[in-house]
Amino acid sequence: AQLYMAAMHQQIALSRQQMPVLQIAGQSAARRTINGGYIWVGGSQPDFTSEAIGRAGGLMGLKPLDLSLVFRKDVVLYAARGALSSSDLANIARCKRAGAYVIAFASASGSLRTPQGPDLLIDSGSLSGLPTGHGICPLDTVTNLMNLWVFTGEYVAACTRFGKTPVLYRSYGLEGARERDA
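Here we summarise the structure given alongside this text. Keep in mind it's a predicted model, so treat the numbers as computed, not measured. (Residues numbered from 1 in each chain as written. Predicted model: local features only at pLDDT ≥ 70, side-chain atom pairs only at ≥ 80, totals over all residues. Heavy atoms only, no water.)

## Some remarks on the pairing of strand E1 (residues 39–43)
The element E1 is extensively covered by neighbouring structure, given that 4 of its 5 residues are classed as buried. Where E1 lies against strand E3 (residues 75–83), 5 bridges are found, and the strand directions are parallel. Bridging from a neighbouring strand, Trp40 pairs with Val76 of E3. Two elements, E1 and strand E2 (residues 63–64), share 2 bridges in a ladder whose sense is parallel. Bridged to Trp40 within E2 is Lys63. (Buried < 20%, exposed > 50% of the residue type's maximum accessible area, 1.4 Å probe, protein only. Helix = DSSP H or I, 4+ residues; strand = E, 2+ residues; numbered from the N terminus. Pairing = 2+ DSSP bridges.)

## Here we look at the environment of Ala30
Relative to the helices and strands, Ala30 resides in helix H2 (residues 19–34). The spatial distance from the C-alpha of Ala30 to the C-alpha of Ala177 is 25 Å, given a sequence separation of 147 residues.

## Let's talk about the packing of aromatic side chains
Going through the model one piece at a time under the given rule, you end up with 3 aromatic pairs. With a centroid separation of 6.0 Å and an interplanar angle of 25 degrees, the aromatic rings of Phe151 and Tyr155 are classed as stacked. In this pair, Phe151 and Tyr155 are both assigned in helix H5 (residues 140–161), 4 residues apart and thus about one turn of the helix distant. By relative accessible area, Phe151 is classed as buried at 0%. By relative accessible area, which is 7% here, Tyr155 ends up buried. (Phe/Tyr/Trp six-rings, centres within 6.5 Å; stacked < 30°, edge-to-face > 60°.)

## Details of helix H1 (residues 2–17)
The end-to-end C-alpha distance of H1 is 23 Å, a good match for the 22 Å that 16 residues give at a rise of 1.5 Å each. Of all the residues in H1, the buried ones are Tyr4, Ala7, Met8, Gln11, Leu14 and Ser15. Along H1, the residues classed as buried sweep out an arc of 105 degrees about the axis, all on the same side. Seen from the buried face of H1, the exposed residues on the opposite side, beyond 90 degrees, are Gln2, Met5, His9, Gln10, Arg16 and Gln17. If you follow the buried residues of H1, they end up packed against H2, strand E5 (120–123), strand E6 (129–131), strand E7 (136–138) and H5. (Expected span 1.5 Å × (residues − 1). Arc of directions from axis to C-beta. Contact = heavy atoms within 4.5 Å.)

## Considerations on the pattern of salt bridges
Applying the stated criterion across every chain, the model contains 1 salt bridge. For Lys96, the salt bridge goes to Asp119, with nearest N and O atoms at 3.5 Å. Of this pair, Lys96 sits in helix H4 (residues 86–97) while Asp119 sits in the loop between strand E4 (101–107) and E5; the two residues are 23 residues apart in sequence, bridging distant segments of the chain. Since its relative accessible area comes to 23%, Lys96 is described here as partly exposed. (Salt bridge = Lys/Arg side-chain N within 4 Å of Asp/Glu carboxyl O.)

## Here's the deal with the side chain of Gln11
As for its position among the elements, Gln11 is in helix H1. Of note is the side chain of Gln11, whose polar atom sits 2.7 Å from the side chain of Thr143. Sequence-distant contacts of Gln11, that is, excluding residues within four places in its chain, are made with Ser124, Gly125, Leu139, Thr143 and Met146. (Polar contact = N/O pair within 3.5 Å; in protein donor to acceptor, adjacent residues only side chain to side chain.)

## Observations regarding the nonpolar core
Counting residues in hydrophobic clusters, the biggest one holds 25 residues, and the most contacted among them are Phe48, Leu77, Ile103, Phe105, Phe151 and Tyr155. Contributing elements (two or more residues each) for this core: H2, E1, helix H3 (46–52), E3, E4, E5 and H5. Looking at which element gives the most residues to this core, the answer is H5, with 7 residues. Residue contacts for Tyr155: discarding those within four places in its chain leaves Gly26, Ala29, Ala30, Thr33, Ile39, Leu59 and Pro166. With 14 residues, the next largest nonpolar core counts Leu89, Ala100, Ala106 and Leu121 among its residues. (Core = buried A, V, L, I, M, F, W, Y, C linked by side-chain atoms within 4.5 Å.)

## Structural notes on H5
The terminal C-alpha atoms of H5 lie 31 Å apart, and with 22 residues this matches the ideal 32 Å at 1.5 Å per residue to within 8%. Looking one or two residues past H5, Gly163 carries a phi angle of roughly 80 degrees, positive in sign.

Below, the structure written as structure tokens:
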């Protein structure tokens, strides 16, 4: 547990170093959605979508990625375990051909940088996790989720600078929250 917490502390430091990129991501996403675009969430890291869509405090307007519906004003948040694979890059290229702005959450180490790749890459670090003897205790996927929440804050802040406020889910522990969220 101590090794894992120390490793996560390093991941937090990596995220702090990327604050300018996360601010650009929030600003770019806000500009597109205020002008009619949607935010799509997907990728090869399945828990990324479920974390982004439907969590208390999360953005209500997010949609699970449907590559056939992505349009030119849209933003795609795309997450992968480790580096972006050739399949991930093909999906990202498809989104970009549709005109979407793609923000990838993945390891920069091993992710090919091509014109068809993401517009921004939020680095999850080079370590996938710590071996436990029974598997691996993940670092990269947890870092992607942490960066997703930082992105959410930066997106909300950027929207408010444009004079708009995105709708956020309320915790179901609050009276009337289920009804409101529905």
